[in-house]
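# Remarks on the overall topology
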Amino acid sequence: MIKKKGIDVSYAQGYIDFDRINKDQVQFAIVRSSFGWETGQKDSMFDRNIKGFTRKDIPCGAYHYSYAQSPEDAVREAEYCLECIGRAKLSLPVFLDMEEQCIADCGRRVCTDIIKVFCAHMKAHGRKAGVYLNPNWLENYVYKNEIIGKYELWLAQWDSEKPAYPCSFWQYRVGSGGSINGISGDIDLDIMYTDKKPVRDNRVKFKVGDHVIVTDPINYDTGEKFVVYPDEDYTVIEAVGDRIVIGIDGRVTAPINAKYLRLKK
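Please read these numbers as outputs of a predicted model, since none were measured by experiment.

### Describing the overall build of the chain
- Helix and strand counts for the chain stand at 5 helices and 13 strands.
- For the chain, the spread of C-alpha atoms along the principal axes amounts to about 70 × 40 × 30 Å.
- Expressed as a percentage of the 265 residues in the chain, the buried residues total 48%.
- Looking at the chain alone, contacts between residues at least 24 apart form 63% of all its contacts between residues at least 6 apart.
- Of the roughly 13900 Å² of accessible surface on the chain, 48% is carried by carbon and sulfur atoms.
- Positive and negative side-chain charges in the chain, numbering 37 and 38 respectively, have mean positions lying 8 Å apart.

Set out below in structure tokens:
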């Protein structure tokens, strides 16, 4: 696995001197595009920053700071973000930055759906998509099994030796990141993981009607244990990717990860 060094920037860094940027120090950049969805909430330095990094042939992504409290808000934010980005050349994802407590207070289901809606909207418009979260959010405010491995994860975990969760991007320091040529003051530091070796998928592919045995009854959506009855005949009611809905006589019992099932002989 290759690690590349990068930074994330916003209006807070002021006027960056791109002629002094050293590509050995900055191999990629994630640039704030916007926040919320009201007119005037575009980052004042977005266009300049994107043009500057692009001129230096430094790959760029973007991030939108969220205040969404419903999937409907997520659509508004995604549309506004796309408007702010315009035709910017981005080879890296557009991330939804989830930090506000008012969002967390909406509950795991809403927070997770906000991410899904935003990312789906980005992908529908030809943009790569991801989400910025810290370990506390992954543990307490979203259904992490619906996020990790499903979307590009930019993990905010500072002053740690390594990220606690599998991620594509790791923000390992916020501010006081040392001296970066062309940038005055504090700067956030990031790592991008690339060239991951493909993992061969040897899992059984389930289909509707299959008779199955549950090896570990963990609800796919909530992460909580559920009750199974060994003498009952469980069948697959719905199968989408690794999310398998099982039930008895057509009545839903629970969604479960395919890795916790095996075919009944």
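### Re the sheet that holds strand E13 (residues 261–263)
- In spatial order, the strands read E12-E11-E10-E9-E13; together these 5 strands make up an open sheet with antiparallel pairing. Each edge of the sheet is formed by a strand with only one pairing partner; in this case those strands are strand E12 (251–257) and E13. Taking each pair of neighbouring strands and ignoring which way they run, the sheet shows an average axis angle of 45°.
- Taken together, the 5 bridges between strand E10 (residues 234–240) and strand E11 (residues 243–248) define a ladder with antiparallel strand orientation. Within the sheet, the bridge partner assigned to Val-236 lies in E11 and is Ile-246.

### Looking at the packing of helix H2 (residues 71–85) against helix H4 (residues 108–124)
- Running from amino to carboxyl end, H2 crosses H4 at an angle of 35°, the nearest separation of the two axes being 8 Å. Along this stretch, H2 crosses H4, giving a crossing that reads as right-handed. Every residue of H4 that contacts H2 at Pro-71, Ala-74, Val-75, Glu-77, Ala-78, Glu-79, Cys-81 and Leu-82 is listed here: Asp-113, Ile-114, Val-117, Phe-118, His-121 and Met-122.
- The class makeup of the residues in the contact of H2 with H4 is 10 nonpolar, 1 polar and 3 charged.

### A closer look at the layout of surface pockets
- The computed volume of the largest pocket comes to approximately 440 Å³.
- Considering the residues around the largest pocket, the lining is formed by 19 residues, among which Lys-144, Asn-145, Tyr-220, Gly-223 and Lys-259 are closest to the centre.
- Grouping the amino acids of the lining of the largest pocket by side-chain chemistry returns 7 nonpolar, 5 polar and 7 charged.

### Some points on the packing of aromatic side chains
- Taken as a whole, this structure holds 9 aromatic pairs when the rule is applied.
- Here Tyr-63 and Trp-154 contribute two aromatic rings whose centre-to-centre distance is 5.7 Å and whose plane-to-plane angle is 70°, an arrangement assigned as edge-to-face. Of the two residues, Tyr-63 is situated in strand E3 (residues 60–65) and Trp-154 in strand E6 (residues 152–156); the sequence distance between them amounts to 91 residues. Each member of the pair Tyr-63 and Trp-154 is classed as buried.
- Three or more aromatic residues link up through ring pairs in this structure, and these residues are Phe-28, Tyr-63, Phe-95, Tyr-132, Trp-154 and Phe-169.

### Examining helix H1 (residues 46–55)
- Along H1, the residues classified as buried are Phe-46, Asn-49, Ile-50, Gly-52 and Phe-53. Considered in projection along H1, the buried side chains sweep an arc of 165° and stay on one side of the axis. The exposed set on the far side of H1, more than 90 degrees from its buried face, consists of Lys-51 and Arg-55.
- Lining the buried residues of H1 we find strand E1 (2–9), strand E2 (28–35), E3 and H2.
- In the stretch just after H1, Asp-57 is the one whose phi turns positive, near 60°.

### What about the nonpolar core?
- Counting 52 residues, the largest nonpolar core has Ile-7, Phe-53, Met-98, Ile-115 and Leu-133 as the members making the most contacts within it.
- If one sorts the elements of this core by residue count, H4 sits on top with 6 residues.
- In this view, Ile-7 contacts Val-26, Phe-28, Ala-29, Ile-30, Phe-53, Ile-183, Ile-187, Asp-188, Leu-189 and Asp-190; residues no more than four positions away in its chain are not counted.
- Val-212, Phe-226, Ile-246 and Ile-248 belong to the second-largest nonpolar core, a separate cluster that totals 13 residues.

### Remarks on the pattern of salt bridges
- For the coordinates displayed, the defined rule picks out 15 salt bridges.
- Of the charged contacts in the structure, one is a salt bridge between Lys-23 and Asp-57, with a shortest N-O distance of 4.0 Å. Taken as a pair, Lys-23 in the loop between E1 and E2 and Asp-57 in the loop between H1 and E3 lie far apart in primary sequence, 34 residues in all.
- The salt bridge involving Lys-116 is made with Glu-146; its shortest N-O contact spans 2.4 Å. Placement of the pair is Lys-116 in helix H4 and Glu-146 in the loop between helix H5 (135–140) and E6, with a sequence separation of 30 residues.

About the thresholds
- Residues numbered from 1 in each chain as written.
- Predicted model: local features only at pLDDT ≥ 70, side-chain atom pairs only at ≥ 80, totals over all residues.
- Heavy atoms only, no water.
- Helix = DSSP H or I, 4+ residues; strand = E, 2+ residues; numbered from the N terminus.
- Buried < 20%, exposed > 50% of the residue type's maximum accessible area, 1.4 Å probe, protein only.
- Contact = heavy atoms within 4.5 Å.
- Areas by Shrake-Rupley, 256 points an atom, 1.4 Å probe, with all protein chains shown as cover.
- Lys, Arg positive; Asp, Glu negative; His and termini not counted.
- Charge placed at Lys NZ, Arg CZ, Asp CG, Glu CD.
- Pairing = 2+ DSSP bridges.
- Axes fitted to C-alpha atoms, helices over the stretch in contact; angles between N-to-C directions.
- Left-handed = near helix turned anticlockwise from the far one by under 90°.
- Nonpolar A, V, L, I, M, F, W, Y, C, P; charged D, E, K, R; others polar.
- 1 Å grid on protein atoms, 1.4 Å probe; cavity = no way out; pocket = protein on both sides within 12 Å on 5 of 7 lines; lining within 4 Å.
- Points joined across faces, edges and corners; volume = space filled by probe spheres on them.
- Phe/Tyr/Trp six-rings, centres within 6.5 Å; stacked < 30°, edge-to-face > 60°.
- Arc of directions from axis to C-beta.
- Core = buried A, V, L, I, M, F, W, Y, C linked by side-chain atoms within 4.5 Å.
- Salt bridge = Lys/Arg side-chain N within 4 Å of Asp/Glu carboxyl O.

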